[in-house]
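Fold and geometry: a report
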Amino acid sequence: MSDRLRRWGLIALLLAAALPAQAADDLAALRDKGKVVVGVKADYPPWGFRDGQGRLIGMEIDLARDLAQRIGVPVELVAVQSANRLEALRQGQIDIMIATAGDSASRRRIVGMVEPHYYASGVNLMASRELQLTRWEQMENATVCAKQGAYFNKPVARRYDLDLRIFKETQSAKFALQDRRCIGFLFDDSAIAADLLSPEWQGYTMPLPTLDETGWAIGLRHASMGTDLERLVSDAVADWHRSGYLVELEAKWGIKQTAFLATMTRLWNQREAGGDFLCRRGADGQYPADCRPTRIDTQQVAVRQPGALERWLKSAGMNLTILYDPYDREQFLRGLGNTILLALGCILLSVTIGIIGAWLLGLRFAPVRWIATAYVEFFRYTPPLVQLYFFFFGIGAMLPLVQASNGMETPLLGGFTWAVIALGVYAGASNTVIFRTGIDAVSQDVHDSAAALGYSPLKAYVLIILPLALRNCLAALNANLVNIVKATGLASAIAVPELLYVTNQIWPEEGNTVEMMNVLLVTFFLLVSVLVYLMHRLERRLRIPGAA
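Being a predicted model, the structure only gives us computed values, none of them experimental. (Residues numbered from 1 in each chain as written. Predicted model: local features only at pLDDT ≥ 70, side-chain atom pairs only at ≥ 80, totals over all residues. Heavy atoms only, no water.)

**A look at empty space enclosed by the protein**
Applying the stated criterion across every chain, the model contains one cavity of 30 Å³ or more. Every residue lining the largest cavity is listed: Lys41, Tyr44, Ser82, Arg85, Thr100, Lys147, Ala150, Tyr151, Phe152, Phe187 and Asp188. Within the lining of the largest cavity, the residues separate by chemical class into five nonpolar, two polar and four charged. (1 Å grid on protein atoms, 1.4 Å probe; cavity = no way out; pocket = protein on both sides within 12 Å on 5 of 7 lines; lining within 4 Å. Points joined across faces, edges and corners; volume = space filled by probe spheres on them. Nonpolar A, V, L, I, M, F, W, Y, C, P; charged D, E, K, R; others polar.)

So this is what it looks like as structure tokens:
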């Protein structure tokens with residue numbers, strides 16, 4: 001009995017360790033917890049990145065440490081990304097978010113944003129000097145790289161009809177720009193300015209006017225808004241502006257001084273005739289609007305009036321923007337179409353490879369058999385994602401460039417084509433084995449009869465052996481083709497806009513993670529169901545009457 005209790009106690013401890021830290025929504029709860037968990041960037045120098053020893057450093061890490069000191073507890077830093085920072089905060093994985101998050105009305109529906117803002121930036125484009133860009137209107141229908149989760153992706157893409165190629169990592173987007181897979185990188189102007197100081201980007205510039213300066217806000221959960229925790233964070237930011245601490249951090253981390261911080265430092269140090277600070281809390285407990293020049297009510301955004309369908313869905317607790325937001329709907333349908341085309345291309349290529357590979361495995365000429373066997377073993381025993389990177393970044397980088405319609409040199413093959421090739425070759429290895437197994441199941445008498453009738457080996461294979469082998473291996477082939485359809489989501493790793501890719505662009509901005517994940521699950525289920533139905537129809541059609 002005691003052993004059983006010890007086992008259950010151990011299981012309980014393991015489960016407790018696996019659960020996220022308990023969320024704290026006010027100062028008392030944070031101090032009782034004994035630490036504050038702050039989400040910061042690890043891929044956004046100089047605001048948040050890792051040093052040579054893997055430690056998190058940067059301007060926002062300094063702010064997190066200062067904030068923890070004001071709260072009176074140690075700080076635990078957790079690396080977050082643009083795509084998951086809001087969800088990490090909302091789900092209680094972190095207590096506070098200081099992660100280059102631009103304030104916007106859509107984000108305030110997901111988490112709370114503290115004013116005043118501690119920093120601000122606009123959106124601009126890093127592009128090659130060769131393009132000689134001067135106006136945003138020149139970018140219509142252009143392929144542009146971007147970072148997943150950036151607040152400006154959707155509005156700028158809609159305004160100038162951009163074809164975005166969105167990457168999870170900033171470095172991946174920059175690499176794609178250098179590899180000429182897009183004509184520019186859409187990003188924060190302050191971060192672009194810092195990059196352009198590096199010799200690596202000497203041939204690039206920031207040629208366009210900066211758009212939509214937006215304040216960066218510290219994020220809290222909605223439950224923390226209006227509490228003493230929000231007040232402490234807000235007062236901390238006010239003190240950072242008044243004391244010049246933020247300006248000092250800019251200098252410390254080699255950031256060119258921004259007009260925003262210079263203006264805020266002057267503003268927050270202005271005094272009234274009586275000697276009191278102009279920027280102080282009023283009777284309502286808020287700082288004056290003039291002391292918050294980047295507040296969200298100053299943002300120039302087009303307001304879309306909700307229709308009846310949107311109001312009904314939201315009243316039912318469903319945030320399915322793909323049904324009522326034209327941009328999200330267009331992106332989702334585009335992803336669905338690309339997934340279908342990708343699946344068809346991979347199926348066609350893999351089946352073709354399987355038929356040819358099975359033929360080569362049966363040849364008497366040993367060197368050819370060895371090559372076919374080596375292909376099968378290599379591509380069956382290595383991960384498909386690694387193969388995708390091998391083709392896209394490895395082989396793709398060695399191919400010659402071609403001149404696009406805009407006069408810019410671009411890679412010979414795009415991401416979609418490489419995804420078809422990589423996934424088709426990967427699945428083709430398994431199909432080779434499947435078809436070979438089906439051929440081996442064909443009676444030797446059939447082979448002998450074909451030879452006796454004067455058929456050449458190739459003619460016998462195509463007209464007699466292969467049709468019979470197909471009947472023998474349809475079940476296994478069906479299973480492999482289903483895996484191909486499910487594997488199309490891997491193409492999102494190289495920014496192919498298929499279903500998983502577009503879904504990952506919608507939920508970080510709209511906060512509808514549950515809805516979009518369920519939509520994605522159901523959509524793939526339906527796609528696979530259609531394939532299975534068609535394969536079963538083919539199996540019944542090819543069935544030989546009286547055969548087992």
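**Points about the domain arrangement of the protein**
Entries for the protein in the domain assignment read domain 1 (120-213) and domain 2 (323-542). Taken over C-alpha atoms, the centre of domain 1 sits 33 Å from the centre of domain 2. Counting from both sides, the interface comprises 19 residues of domain 1 and, opposite them, 27 residues of domain 2. Between domain 1 and domain 2, roughly 1800 Å² of surface is buried when both sides are summed, and carbon and sulfur atoms account for 55% of that area. The largest contributions to the domain 1 side of the interface with domain 2 come from Lys154, Arg180 and Arg181, which together make up 37% of the buried area. (Domains from an automatic or database assignment. Contact = heavy atoms within 4.5 Å. Buried area = accessible area lost by both parts, 1.4 Å probe.)

**Focus on unusual backbone geometry**
Note that the residue after proline 45, namely proline 46, is joined by a cis bond; omega there is 5 degrees. With respect to the helices, strands and loops of the structure, proline 46 is situated in the loop between strand S2 (43-44) and strand S3 (48-50). Backbone geometry places arginine 180, a non-glycine residue, at a positive phi of 65 degrees. Among the structural elements, arginine 180 can be located in the loop between helix H7 (170-178) and strand S10 (184-188). Looking at arginine 180, the relative accessible area reads 25%, which means it is partly exposed. (Helix = DSSP H or I, 4+ residues; strand = E, 2+ residues; numbered from the N terminus. Buried < 20%, exposed > 50% of the residue type's maximum accessible area, 1.4 Å probe, protein only.)

**Digging into the environment of isoleucine 218**
If you trace the backbone, isoleucine 218 turns up in strand S12 (residues 211-220). Here isoleucine 218 falls in the buried class, since its relative accessible area comes to 1%. Sequence separation between isoleucine 218 and alanine 64 is 154 residues; the distance between their C-alpha atoms is 9.9 Å. Each residue touching isoleucine 218, except ones within four places of it in the same chain, is listed here: Leu67, Ile96, Met97, Ile98, Gly112, Met113, Val114, Tyr118, Val233, Val237 and Trp240.

**Some words on the packing of aromatic side chains**
The full count for this structure, using the stated rule, is 21 aromatic pairs. Relative to phenylalanine 187, the ring of tyrosine 44 has its centre 5.2 Å away and its plane inclined at 40 degrees; by these criteria the two rings are tilted. With tyrosine 44 in strand S2 and phenylalanine 187 in strand S10, the pair connects residues that are 143 residues apart, well separated along the chain. Pair check on accessibility: tyrosine 44 and phenylalanine 187 agree, each one buried. Between the aromatic rings of phenylalanine 185 and phenylalanine 187, the centroid separation amounts to 4.6 Å while the plane-to-plane angle is 25 degrees, which identifies the pairing as stacked. A single burial state applies to phenylalanine 185 and to phenylalanine 187, both of which are buried. Directly above the aromatic system of phenylalanine 277 lies the positively charged group of arginine 271, at a separation of 3.9 Å from the ring centroid. (Phe/Tyr/Trp six-rings, centres within 6.5 Å; stacked < 30°, edge-to-face > 60°. Lys NZ or Arg CZ within 6 Å of the ring centre and 35° of its normal.)

**Some thoughts on the sheet that holds S2**
The antiparallel open sheet is built from three strands, whose spatial order is S2-S3-S4. Bordering the open sheet on either side are S2 and strand S4 (56-57), each of which pairs with just one other strand. Two strands pair when backbone bridges link them, and S3 and S4 are joined in this way by two bridges, in the antiparallel orientation. Bridge pairing in S4 links phenylalanine 49 to isoleucine 57. (Pairing = 2+ DSSP bridges.)

**Considering a positive patch on the surface**
Taken together, the side chains of Arg537, Arg540, Arg541 and Arg543 define a basic patch exposed on the protein surface. Take arginine 541: its relative accessible area is 72%, and that puts it in the exposed class. (Patch = residues over 30% accessible without salt bridge, like charges linked within 9 Å, V, L, I, M, F, W, Y side chains within 5 Å. Areas by Shrake-Rupley, 256 points an atom, 1.4 Å probe, with all protein chains shown as cover. Salt bridge = Lys/Arg side-chain N within 4 Å of Asp/Glu carboxyl O. Lys, Arg positive; Asp, Glu negative; His and termini not counted. Charge placed at Lys NZ, Arg CZ, Asp CG, Glu CD.)

**So, helix H15 (residues 366-380)**
When the terminal C-alpha atoms of H15 are compared, their 21 Å separation across 15 residues agrees well with the 21 Å that a helix rising 1.5 Å per residue should span. Where H15 is buried, its residues meet helix H14 (326-361), helix H16 (384-398) and helix H17 (415-440). (Expected span 1.5 Å × (residues − 1).)

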